[in-house]
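Structure at a glance
The chain contents come next:
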Amino acid sequence: MTTSELGDFLKARRAELTPRALGLPALDGPRRVRGLRREEVAALAAISVDYYTRLERGRVAASASVLATLARALRLDDGQEAYLYEIAGKSDARPRRRPAPQRLRPAMRRLLDQLTESPAIVLGRRMDVLAWNDAAAALFTDFAAVPARERNYVRLLFTDPALRALHTDWRHDARDAVAALRMRAAADPDDPELARLVGDLAVKDDDFRTWWAEHRVNNAGYGTKHYRHPVVGELTLDCDVWSSPDGSGQQLMIVTAEPGTPSHDALRILAAWSGAATPVR
């Protein structure tokens, strides 16, 4: 690969696209280039303009995960994507394999079975929702109705209207979730499923693109959440996240309320309303 080959390919591809075709707002001022500007490509790929500019100029190497988000941002077909990895010197690192499905740990299953009134979710390495109890489905959303491949907490926070409306301060909670996903990404930056998730959300949601590009991280294991539920109304709940000690990356997220408070009574109503509190398997 010459130093200009990757840059020439990226420039040629962005020249073929228009902001209107991708649903992007047009930037102010006359357009001095054909197709997309660097700023628009960087926004779609959730990377900084400076980084993308240096990438086009051959001054920095791209990881496989960055190439994956660029391929989605620029709407590359399979052949173009293969060529992108080839000229970037990442042909061997191209994420072709699909990781084995994450399996719920038996200990996590037992914990869910024993939690009746407290909504609880088991999250995987990419914050995929691996399991939940009925109280969680009653509070958050009907996870069983979501296709397994799309059952990711961050994805649902941005795409599920019910889960989005539940959060009283959605922007604060969603930004924290993006920061938590960024923290998870550090463990396996070339994970193809993670690249797919980030690429899809970066293309579809302006807020996600902005917050992912901030490179903010969040590893907080507890906090207070404020919800507005359509059945039981306002809720103030403590959210605690417990990590599995086995290195699997699985975490148990539980929300609870202080006994004697209206929120505690509301959780009991939700548990009864959901009917039996039998975890989904």
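In the block above lies the structure referred to throughout.
The rules we used
Residues numbered from 1 in each chain as written. Predicted model: local features only at pLDDT ≥ 70, side-chain atom pairs only at ≥ 80, totals over all residues. Heavy atoms only, no water. Pairing = 2+ DSSP bridges. Helix = DSSP H or I, 4+ residues; strand = E, 2+ residues; numbered from the N terminus. Axes fitted to C-alpha atoms, helices over the stretch in contact; angles between N-to-C directions. Contact = heavy atoms within 4.5 Å. Expected span 1.5 Å × (residues − 1). Buried < 20%, exposed > 50% of the residue type's maximum accessible area, 1.4 Å probe, protein only.

Before going further, it helps to spend a moment on the sheet that holds strand β4 (residues 233-243). Pairing is antiparallel across the open sheet formed by 5 strands, whose spatial order is β2-β1-β5-β4-β3. Bordering the open sheet on either side are β2 (129-132) and β3 (222-229), each of which pairs with just one other strand. On average, adjacent strands in this sheet sit at an angle of 30 degrees to one another, irrespective of strand direction. Across 4 bridges, the pairing between strand β1 (residues 120-123) and strand β5 (residues 251-256) is antiparallel. When the bridges of β5 are listed, Ile121 appears paired with Met253. Across the face of the sheet, helix α14 (residues 262-274) comes into contact with β3, β4 and β5 while running at roughly 80 degrees to β4.

A few words on helix α11 (residues 170-185). With 16 residues, α11 extends 22 Å from end C-alpha to end C-alpha; this agrees with the ideal 22 Å at 1.5 Å per step. Most of α11 is tucked away, with 12 of its 16 residues classed as buried. Taken together, the buried positions of α11 are occupied by Trp170, Asp173, Ala174, Asp176, Ala177, Val178, Ala179, Ala180, Leu181, Arg182, Arg184 and Ala185.

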